[in-house]
2 protein chains.
Amino acid sequence: MVPHLVTALTGPINELEQRILDSMPAIERWFRLEWMEHTPTFYSAIDVRNAGYKLGPLDCDLFPDAWHALTPGMLPLAVQAAMAAIEKICPEARNLLIIPEHRLESSAYLMHLDRLRTIFHMAGLNVRFGSISPQVKKSVALQVPGAAGMSLEPVVRHRGRIGVKDFDPCTILLSNSLRSGIPGILEELHQQYLLPPVQAGWSVRRRSRHFGCLEEVCKRFGKLIGVDPWLAYPFTDACPKARLTTRAGVQELASHVEALLVKIRKKHKEYAISDRPSVVVKSDDADSRVPTWTLYDTKQLETQAAQYAAAMPEEAALFLHEGLTSVERVNDAVAQPVVYTMDRYVVGGFYRVQAAVAPSVLSTTNDDAFLPLAFADDAHLPLASLRSAAHAPNRFYMYGVIARLSMLAASYELEATDPQLEAA
Amino acid sequence: MVPHLVTALTGPINELEQRILDSMPAIERWFRLEWMEHTPTFYSAIDVRNAGYKLGPLDCDLFPDAWHALTPGMLPLAVQAAMAAIEKICPEARNLLIIPEHRLESSAYLMHLDRLRTIFHMAGLNVRFGSISPQVKKSVALQVPGAAGMSLEPVVRHRGRIGVKDFDPCTILLSNSLRSGIPGILEELHQQYLLPPVQAGWSVRRRSRHFGCLEEVCKRFGKLIGVDPWLAYPFTDACPKARLTTRAGVQELASHVEALLVKIRKKHKEYAISDRPSVVVKSDDADSRVPTWTLYDTKQLETQAAQYAAAMPEEAALFLHEGLTSVERVNDAVAQPVVYTMDRYVVGGFYRVQAAVAPSVLSTTNDDAFLPLAFADDAHLPLASLRSAAHAPNRFYMYGVIARLSMLAASYELEATDPQLEAA
């Protein structure tokens, strides 16, 4: 089940969406059976791009950091899902330690932390915040706009367990994507549950691995509902050791881009799609020093290669995916739905509204605004309206399905990189 | 977690409520551990009476029949809880058969069935309705006010399984309390899941057994949070073979009533409660021919015994409980919260507003009106208000806890009467 949220979609329901809506019981059963075999990601945020003729999840964030951007109405769903997750992981849990990012100057991030605290407190846990930053040597009071204050305490390690003063947690929730590697203090914590696991950090993750798993998931999904799986995922490729300062390096990337463009053009011809095929180049391990680059042909690549090479490190692992432009608009700005999950459940979402309508060639901005999605059925309307809302098609359902395909792929991905499974 | 609903409570938070609010993480953990050992009731509706100085669940309905009376905003919570339930019971489920009561002339009941259909459809199941009434020999079209029509098909049994034409369900949901016994067609269904199980029907259930389990549950709960368990349940007693047409029969009942009044008076003295102690007499097996009788002393019993005896069968199993008057008022009418659960989760509630303010001596009316409870935090308010709502005490929480004590007691009760466990 996916909550019925108001979407910006107003056009007619296309064939893919109709197929997804019609196959709802089969899809839900398929997910149920998948979760018998695989562990859902603890929480995640999935960017879904709707190009009209097809959809694709473009990012599966395993450290979602905008829980505060969901509407208040979604809080009970998130809490109930958190209860279900805790019950499976550690039913005897009393205490939860949240380890935030170091960027505590951001009031949006503090509001996010406050919302996480609310969710897990309402799920029945004592919640504290611990810092693994070496700079935090004593308790720091943080002011959250419009909320109760919170204190950030230094994390201490004792006999193979971590905690803060007088607080021994059973479960540790990472709100810290461990971009610069897994710190020693978090290693070998065999007595406590670390969520998500360390291999969910970007020092281990690779976009190419995620999208490889996604392709596998989508092929099975396509078979299930009888549609071309390409309608639900983007074509991808990777260049693990790209060096754009050399002629050979540029040519290697160009051959990858051209091969992807050929595959996309073939599909566009098959479906009579008039959109101009494009390939997006970005960092395979989400290295922020590597900008995002949208390419329409290899000639453009040749002319812009020097500019791109100057912006990125000498050598980098690059990831390539089929470009998808969003057909969704909120107040004339390009918008794309972001779907939030907790345990196996879709618990809410919002639109990421891009600051600039025109896609720039080299984009590193994160200046997107969030527009919360409300439930389609107003909680205060009389009963009669529920029925019409309940029987109107849930346009958010499709996004919830596409998001869960990506979340399932992330689950496969974390299994493939689990250090304990690897050692076994 | 209990959703934060608007309650009619406006007075100060008393000691018991404060204790419950303060002990939230301990309470939630205790319930989590209980559900590791015991199976939650599939769904239930619990009437909670708040007398101000104490609370008590007065009825735990295992066939809740007013799902349509919950606000639309609670639908996603119910659906998510249904998903969690299905996943545990029968993850490979495709089809669900709902078996309604025979009273299909009630449009409220049809709206309830429509809501059940919506919940389980959104949870990912194909839903059909089957009748076990011998009168239903072919498919009957039912018109539901403001909703899509539904058809009621005759249930057929084939090779130890039941279903309707071309529909083989994995799970059968009873919306039929089997008051007149377990029909043969539902017996020995070992290949399908019958929810709730047959012993949840009133041909097996006894109020005295439920309240016996409740007392046990409340004693452990009282120990957990350090309060007198009597503050959370009513004193009870039973008269298994009451015959009020005989002098001896009346005297026997009088002695039970007097013993209960003595226990209540002692507690009232201990807590300096000014309410007049009372005892409510009703049928132990919810026999509708036995009216409800409120008694303040044994003299009243003597004078009214003949009137009561004339209204009930010659011999009946009677159940007695401490009378609790509700302090809650909605528009000056006596109101009592009804809490709805699905699987282990509290998913919503409403107020049952009594038609008559003054409690009548012999009450058999079911003319109560339902007033849906809305979420305290409006889904459409800006973020700032969430924080204030999230940090305001959740007055509905206490009701959710009391309701779950009763639901846990029902779980113990169903285990005690499970025919398979009994046979083992």
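Shown above is the structure to which this text applies.
Remarks on the overall build of chain A
- The secondary structure content of chain A amounts to 10 helices and 19 strands.
- Residue burial in chain A is summarised as follows: out of 424 residues, 60% are buried.
- Within chain A, contacts between residues at least 6 apart in sequence are counted, and of these 71% link residues at least 24 apart.
- Surface accessibility of chain A: about 17,000 Å² in total, with carbon and sulfur atoms responsible for 53%.

Notes on the state of the cysteines
- What the rule picks out here adds up to 2 disulfides over all chains.
- Put simply, Cys90(A) and Cys170(A) are joined by a disulfide, and their sulfur atoms are 2.1 Å apart. Here Cys90(A) is found in the loop between helix H3 (75–89) and strand E3 (95–100), whereas its partner Cys170(A) is found in the loop between strand E8 (161–163) and strand E9 (171–175), with 80 residues between them in sequence.
- Residue class for Cys90(A) comes out buried when judged on its relative accessible area of 3%.
- This cysteine, Cys60(A), is not joined by any disulfide, and Cys213(A) carries the nearest cysteine sulfur, 11 Å off.
- Under the relative-accessibility criterion, Cys60(A) is labelled buried at 2%.
- Note on Cys239(B): no disulfide assigned, nearest cysteine sulfur contributed by Cys213(B) at a separation of 20 Å.
- The class of Cys239(B) is buried, set by a relative accessible area of 1%.

A short note on the packing of helix H2 (residues 24–37) of chain A against helix H9 (residues 395–416) of chain A
All names here are of chain A.
- Relative orientation of the contacting elements H2 and H9 amounts to 20°, with a least axis distance of 12 Å. As summarised for this structure, H2 and H9 are arranged roughly parallel, according to the angle between their axes. You can see that H2 and H9 cross each other, and the crossing is left-handed. Side by side, H2 and H9 meet where Met24, Ile27, Glu28, Trp30, Phe31, Glu34, Trp35 and Glu37 of the first sit next to Tyr397, Val401, Arg404, Leu405, Met407, Leu408, Ser411, Tyr412 and Glu415 of the second.
- Its residues assigned to classes, the contact of H2 with H9 comprises 11 nonpolar, 1 polar and 5 charged.

Things to note about the nonpolar core
- If you look at the biggest cluster of nonpolar residues, it comprises 100 residues, and the most contacted ones within it are Trp67(A), Phe120(A), Met342(A), Trp67(B), Phe120(B) and Met342(B).
- Leave out the neighbours within four places in its chain, and Trp67(A) touches Tyr43(A), Ala78(A), His112(A), Arg115(A), Leu116(A), Ile119(A), Tyr340(A), Thr341(A), Met342(A) and Val347(A).
- In this structure, Cys239(B), Val330(B), Val353(B) and Phe396(B) belong to the second largest nonpolar core, which totals 88 residues.

A word on the sheet that holds E9(A)
All names here are of chain A.
- With respect to topology, 6 strands assemble into an open sheet ordered E5-E6-E4-E3-E9-E10, the strand pairing being mixed. Since the sheet does not close on itself, it has two edges, and those belong to strand E5 (140–142) and strand E10 (193–195), each with one partner. Here the strands of the sheet are splayed against their neighbours by 30° on average, with no regard to which way each runs.
- When E5 meets strand E6 (residues 150–154), the two strands line up antiparallel, connected through 3 bridges. Paired with Ala141 across the strands is Ser151, a residue of E6.

Description of the pairing of E9(A)
Residue and element names in this part refer to chain A.
- E9 sits mainly inside the fold: 5 of its 5 residues count as buried.
- Residues Thr171, Leu173 and Ser175 line one face of E9 and the alternating positions Ile172 and Leu174 line the opposite face, and both faces are buried.
- Pairing of E9 with E10 involves 3 bridges; the strand directions are parallel. Residue pairing across strands places Ile172 opposite Leu194, the latter belonging to E10.

Considering H3(A)
- Between the first and last C-alpha of H3(A) there are 21 Å, a value that for 15 residues agrees with the 21 Å anticipated at 1.5 Å per step.
- Within H3(A), 13 of the 15 residues are buried, which leaves it mostly tucked inside the rest of the structure.

Concerning the environment of Leu320(A)
Residues and elements named next belong to chain A.
- Following the sequence through the fold, Leu320 ends up in strand E14 (residues 316–322).
- The buried category is assigned to Leu320, whose relative accessible area is 0%.
- Considered as a pair, Leu320 and Thr294 are 26 residues apart in the sequence and their alpha carbons are 9.6 Å apart.
- When residues no more than four places from it in sequence are discounted, the contact partners of Leu320 are Phe235, Thr236, Asp237, Ala238, Cys239, Leu253, His256, Val257, Leu260, Val279, Val280 and Val281.

Examining the packing of aromatic side chains
- Taken as a whole, this structure holds 28 aromatic pairs over all chains when the rule is applied.
- Positioned above the aromatic ring of Trp202(A), the side-chain terminus of Arg205(A) is 4.8 Å from the ring centre.

Considerations on the pattern of salt bridges
- On inspection of all chains with the given rule, the structure shows 44 salt bridges over all chains.
- As a salt-bridge pair, Arg352(A) and Asp47(A) come within 3.1 Å of each other at their nearest N and O atoms. Taken together, the residues Arg352(A) in strand E17 (residues 345–353) and Asp47(A) in strand E1 (residues 43–50) connect sequence positions 305 residues apart.
- With relative accessibility at 10%, the residue Asp47(A) sits in the buried group.
- Note that Lys54(A) and Glu322(A) form a salt bridge whose closest N and O atoms lie 3.0 Å from each other. With Lys54(A) in the loop between E1 and strand E2 (55–61) and Glu322(A) in strand E14, this pair connects stretches of sequence that are 268 residues apart. Neither Lys54(A) nor Glu322(A) differs from the other in exposure class; each is buried.
- Put simply, Glu87(A), Lys88(B), Asp343(B) and Arg344(B) are held in one network by salt bridges that share partners.

Looking at the sheet that holds strand E6 (residues 150–154) of chain B
Residues and elements named next belong to chain B.
- Here 6 strands make up an open sheet; going across it, the order is E5-E6-E4-E3-E9-E10 and the pairing mixed. Every interior strand has two partners, whereas the edge strands, strand E5 (140–142) and strand E10 (193–195), have only one. On average, each strand axis in the sheet is tilted by 30° relative to the strand beside it, whichever way the strands run.
- In terms of strand pairing, strand E4 (residues 126–131) meets E6 through 3 bridges, oriented parallel. Across the sheet, the residue bridging to Gly130 is Glu153, located in E6.

Cut-offs used in this document
Residues numbered from 1 in each chain as written. Chains lettered and ligands numbered in written order. Predicted model: local features only at pLDDT ≥ 70, side-chain atom pairs only at ≥ 80, totals over all residues. Heavy atoms only, no water. Helix = DSSP H or I, 4+ residues; strand = E, 2+ residues; numbered from the N terminus. Buried < 20%, exposed > 50% of the residue type's maximum accessible area, 1.4 Å probe, protein only. Contact = heavy atoms within 4.5 Å. Areas by Shrake-Rupley, 256 points an atom, 1.4 Å probe, with all protein chains shown as cover. Disulfide = S-S within 2.5 Å. Axes fitted to C-alpha atoms, helices over the stretch in contact; angles between N-to-C directions. Parallel < 35°, antiparallel > 145°, perpendicular 65-115°, else oblique. Left-handed = near helix turned anticlockwise from the far one by under 90°. Nonpolar A, V, L, I, M, F, W, Y, C, P; charged D, E, K, R; others polar. Core = buried A, V, L, I, M, F, W, Y, C linked by side-chain atoms within 4.5 Å. Pairing = 2+ DSSP bridges. Expected span 1.5 Å × (residues − 1). Phe/Tyr/Trp six-rings, centres within 6.5 Å; stacked < 30°, edge-to-face > 60°. Lys NZ or Arg CZ within 6 Å of the ring centre and 35° of its normal. Salt bridge = Lys/Arg side-chain N within 4 Å of Asp/Glu carboxyl O.

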